[in-house]
Amino acid sequence: MQDHVILRELFDTALKAADPGSALLRHLPQQRHAGVTVIGAGKAAPAMARALSDNWQGRLDGMVVTPYGAACAAGRVRVVEARHPLPDANGLAAAEQMVRMLAGLTAQDLVFALISGGGSALLPYPAEGLTLEDEIALNAALLNSGAPIKAMNAIRKQVSQIKGGRLAASGPARVITYIVSDVPGDDPAQVASGPTLPDETGVSEALEYVSRYRIQLPEKIDAFLRRGGCPSPLPGESVFAGNETHVIASAAQSLAAAAGRGHEFGLNPVILSDAIEGEACEVGKVMAALAKSVASGSGFVQKPALLLSGGETTVTMRGGGKGGRNSEFLLSFALGIEGIDGISALAADTDGIDGAGGHAGALADGGTCARIANTGKDPAALLNDNNSLTAFDAVDGLLITGPTGTNVNDFRAVLIR
């Protein structure tokens, strides 16, 4: 079997392990006859809602919001589409409706919150004094900043009426939150900026992140933060008493499944980390160095080896090209292993969309850069222009899956013969 086919099989195995419907069913209460109101947001929310609707015997109603093109029928739960990664009016309307739904419940009611990656953009609800346009401008600035997800979420939570636990705090009902995690470390309060889960982060931490990562905030947002922001409820407040949180799928689980499949192929798998962060091109250089060390026989694992990793890298925009953090990582990696036989790799976003262009990621080997050069393009120049999409498209190296219905962040697999 060709190594690129094996890599794709490993990716499919990781996706199967992160199937949100199956994961949800493993965590539902045994007694399924109570009435439930459903809220949710993210790329995996419709699949969770469908599984819930099919398997819950009691009354069930509510709504979830997901990106355009990612919706599926969810039975008794309404699915709304909105824009991602930049918010739009559909997302704002959905957020406002969820707040009204919870405000109309009582302490005897039960709410299931189905939360996954993408929910930050899908549930915009700017603080008083700010507008949807302000939140859009903030998201654009954050996406171009290269800051890690924890820093971005800390800032988002200070300018929102729904993030940082505020959605759950908008009514007295008991809330059980089910999470498909797309954040390094699987802190549930970070997924989708934690609409039902508070954390200790305040405006001072948000401003510290702005300074540390030199984030160029829109003037109105910056001024709002420096006036004190929008204080969020803190863990331990009575409004959260009795609530539960379950992380039902994560990068760690998907990487473990891929490692098991690697064993079946006769490989020696090593999970490097499920929480790698940093600039995508720099992580690509480091991973290439590790791969070359293993290929030379002086590495930390014997060949045939399989290096697996997850997490969320970032891209600080330097040029005007298109791509995504996974294809940028892989182009940097390909430059690092140029001309070396026996190394191949796949890097992809498990939601099926890696930045701009509709691809999930890409595949590469030691001959990829030579093939790109043979098309008349300079792979190093394309990397400097953040134009990894053009590089891999030129050699038919893009991995295209369409929306997968789940999201446990990046998946990287390096196979070394």
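Let me sum up the structure you'll find in this document. Values in this document were obtained by computation on a predicted structure and should not be read as measured data.

### Comments concerning the overall build of the chain
- Counting its regular elements, the chain contains 15 helices and 12 strands.
- Against the 2.2 N^0.38 benchmark of 22 Å for 417 residues, the chain shows a C-alpha radius of gyration of 22 Å, consistent with a compact globule.
- Every one of the 417 residues in the chain was classed for burial, and the buried ones make up 57%.
- Look at the contacts in the chain between residues 6 or more apart in sequence, and 78% of them connect residues 24 or more apart.
- With an accessible surface of roughly 15,700 Å², the chain has 50% of that area assigned to carbon and sulfur atoms.
- Of the side-chain charges in the chain, 33 are positive and 43 negative, and the distance between the mean point of each set is 2 Å.

### Quick word on the side chain of Glu-328
- In this structure, Glu-328 sits in helix 12 (residues 325-336).
- If near-sequence neighbours (up to four positions away) are discounted, Glu-328 is found in contact with Ala-280, Cys-281, Val-315, Arg-318, Leu-383, Asn-386 and Ser-388.

### Considering the pairing of strand 5 (residues 174-180)
- Most of strand 5 is tucked away: six of the seven residues are buried.
- Here seven bridges tie strand 4 (residues 110-116) to strand 5, and the two strands are oriented parallel to one another. Paired with Ile-115 across the strands is Ile-179, a residue of strand 5.
- Sheet topology note: the strand 5/strand 6 (residues 244-249) ladder contains five bridges and is parallel. Following the sheet pairing, Val-180 is matched in strand 6 by Ala-249.

### Remarks on the sheet that holds strand 3 (residues 78-82)
- Taken in spatial order, the six strands line up as 3-2-1-4-5-6 in an open sheet, and their pairing is parallel. Two strands lie at the open edges of the sheet, namely strand 3 and strand 6, each paired on one side alone. Adjacent strand axes in the sheet meet at a mean angle of 15 degrees when their direction is disregarded.
- Bridge count for strand 2 (residues 60-67) against strand 3 is five bridges, and the pairing is parallel. Paired with Pro-67 across the two strands is Ala-82, which belongs to strand 3.
- The sheet strands contacting helix 3 (residues 45-55) are strand 1 (36-41), strand 2, strand 3, strand 4, strand 5 and strand 6, and the helix crosses strand 4 at an angle near 145 degrees.

### What to know about the sheet that holds strand 7 (residues 268-276)
- An order of 7-8-12-9-10-11 is seen for the six strands of this open sheet, with the pairing classed as mixed. Either end of the sheet is taken by a strand with one partner, and the two such strands are strand 7 and strand 11 (398-399).
- Looking at chain direction, strand 8 (residues 305-311) and strand 12 (residues 410-416) are connected through seven bridges and run antiparallel. The residue bridging Gly-311 from the neighbouring strand is Asp-410, located in strand 12.
- Running at roughly 30 degrees to strand 9 (residues 343-349), helix 1 (residues 3-17) makes contact with strand 8, strand 9, strand 10 (361-365), strand 11 and strand 12 of the sheet.
- Docked against the sheet, helix 10 (residues 251-264) engages strand 7, strand 8 and strand 12, running at close to 170 degrees with respect to strand 7.

### Some points on the packing of helix 11 (residues 280-295) against helix 12
- It is at 7 Å that the axes of helix 11 and helix 12 come closest, and there the two elements cross at 40 degrees. Viewed along their axes, helix 11 and helix 12 adopt a mutual orientation that is oblique. Read as a crossing pair, helix 11 and helix 12 show a hand that is right-handed. For the pair formed by helix 11 and helix 12, the contact residues are Ala-280, Cys-281, Val-283, Gly-284, Lys-285, Met-287, Ala-288, Ala-291 and Lys-292 on the first element and Arg-325, Glu-328, Phe-329, Ser-332, Phe-333 and Gly-336 on the second.
- Taken together, the residues of the contact of helix 11 with helix 12 sort by class into eight nonpolar, three polar and four charged.

### As for the packing of aromatic side chains
- This model, assessed by the stated rule, comprises five aromatic pairs.
- When the centroid spacing of 5.7 Å and the interplanar angle of 45 degrees are considered together, the rings of Phe-11 and Phe-411 count as tilted. Placement of the pair is Phe-11 in helix 1 and Phe-411 in strand 12, with a sequence separation of 400 residues. Side by side, Phe-11 and Phe-411 carry an identical accessibility label, which is buried.
- Measuring from centroid to centroid gives 6.3 Å for Tyr-209 and Tyr-213, while their planes differ by 25 degrees, and the two rings are stacked.

### Remarks on helix 11
- Between its first and last C-alpha, helix 11 extends 22 Å over 16 residues, near the 22 Å set by a 1.5 Å rise per residue.
- Listed in full, the buried residues belonging to helix 11 are Ala-280, Cys-281, Val-283, Gly-284, Met-287, Ala-288, Ala-291 and Val-294. The buried side chains of helix 11 occupy one side of the element, clustering within an arc of 150 degrees when seen end-on.
- Its buried side turned inward, helix 11 meets strand 7, strand 8, helix 12, strand 9, helix 14 (379-384) and strand 12.
- Positive phi appears at Gly-297, one or two residues downstream of helix 11, with a value of about 90 degrees.

Calculation rules
- Residues numbered from 1 in each chain as written.
- Predicted model: local features only at pLDDT ≥ 70, side-chain atom pairs only at ≥ 80, totals over all residues.
- Heavy atoms only, no water.
- Helix = DSSP H or I, 4+ residues; strand = E, 2+ residues; numbered from the N terminus.
- Rg over C-alpha atoms; globule rule 2.2 N^0.38 Å.
- Buried < 20%, exposed > 50% of the residue type's maximum accessible area, 1.4 Å probe, protein only.
- Contact = heavy atoms within 4.5 Å.
- Areas by Shrake-Rupley, 256 points an atom, 1.4 Å probe, with all protein chains shown as cover.
- Lys, Arg positive; Asp, Glu negative; His and termini not counted.
- Charge placed at Lys NZ, Arg CZ, Asp CG, Glu CD.
- Pairing = 2+ DSSP bridges.
- Axes fitted to C-alpha atoms, helices over the stretch in contact; angles between N-to-C directions.
- Parallel < 35°, antiparallel > 145°, perpendicular 65-115°, else oblique.
- Left-handed = near helix turned anticlockwise from the far one by under 90°.
- Nonpolar A, V, L, I, M, F, W, Y, C, P; charged D, E, K, R; others polar.
- Phe/Tyr/Trp six-rings, centres within 6.5 Å; stacked < 30°, edge-to-face > 60°.
- Expected span 1.5 Å × (residues − 1).
- Arc of directions from axis to C-beta.

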